Amino acid sequence: MRLVVADCSARYTGRLTAHLPLATRLIVVKADGSVLLHSDGGSYKPLNWMSPPCTMTEADPGEAAAERGVARVWTVQHKKSDDRLEIDLHAVHHDSAHELGVDPGLVKDGVEAHLQELLADQIGLLGEGSTLIRREYMTAIGPVDILARDPEGATVAVEIKRRGEIDGVEQLTRYLELLNRDPLLAPVRGVFAAQEIKPQARVLANDRGMDCLTLDYDAMRGADDPTSRLF
């Protein structure tokens, strides 16, 4: 990745025409060929950019541009369209290149697989005396996240989501219809569990006789100590 801080102006032509007047900006040139111009504001969004596939060339300015103080001209041309980004560099304050390597990508806390693992280990959150039958209980239409028994011995099917929405309630409904046909399991009641449950999903779940369980991910993984809270 190349990082350049420079006094520059820019012109974008092609599907649209745009112009950036002379100012000090950060220019980012990524390994995939993309070029982005940033100001010291506007959060993460660049002022202008060219997405790959594209090519970039650097050249000396023409006579007229040189008289305006332009030192170098960057031309970024998209390979599949007429879109072009031209950057006139007047003064370069910083120019460095960095090898970042392969990025593993964003790993989100609280993904459903981890929530499922935590709830299976803490099955008592379903109610004191509950026991785990198994995780990923396979059915003809897919696996139920958790199958358990409540203290009275009744079967409980748990659907786990990071964000509980109506689609998740519908999914649990289909599982319950199928599981309740099995005389070895019936009657099976449902629990819709999520870190956050939308009001509409909660209303639908309750209307269909399901319980809702809000999962506190930090507390479940031991990152939150309730005894240290003020409230």
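Residues numbered from 1 in each chain as written. Predicted model: local features only at pLDDT ≥ 70, side-chain atom pairs only at ≥ 80, totals over all residues. Heavy atoms only, no water.

As annotated in an unreviewed UniProt entry, the protein carries the name Endonuclease NucS and is attributed to Myceligenerans indicum. Its UniProt record, at the heading Sequence similarities (unreviewed entry), says of the protein: "Belongs to the NucS endonuclease family." Looking at the Subcellular location (unreviewed entry) heading of the UniProt record, one finds this comment for the protein: "Cytoplasm". (UniProt positions renumbered as here; feature names shortened; annotations may be inferred.)

Participant: What am I meant to see in the pattern of salt bridges here?
Facilitator: For the structure on display, the rule yields 14 salt bridges. Residues Arg-11 and Asp-88 are paired through a salt bridge, measuring 2.8 Å at the closest nitrogen-oxygen approach. With Arg-11 in strand β1 (residues 2-13) and Asp-88 in strand β7 (residues 84-97), this pair connects stretches of sequence that are 77 residues apart. Taking the relative accessible area as the measure of exposure, Arg-11 reaches 28% and is therefore partly exposed. (Salt bridge = Lys/Arg side-chain N within 4 Å of Asp/Glu carboxyl O. Helix = DSSP H or I, 4+ residues; strand = E, 2+ residues; numbered from the N terminus. Buried < 20%, exposed > 50% of the residue type's maximum accessible area, 1.4 Å probe, protein only.)

Participant: What exactly am I supposed to notice about the state of the cysteines here?
Facilitator: Simply put, disulfide is the name for a covalent bond between the sulfur atoms of two cysteines. Under the criterion given, the structure shown has zero disulfides. Sulfur of Cys-8: no disulfide; nearest cysteine sulfur belongs to Cys-54 and is 17 Å away. Its relative accessible area of 0% is what places Cys-8 among the buried residues. Under the relative-accessibility criterion, Cys-54 is labelled buried at 10%. (Disulfide = S-S within 2.5 Å.)

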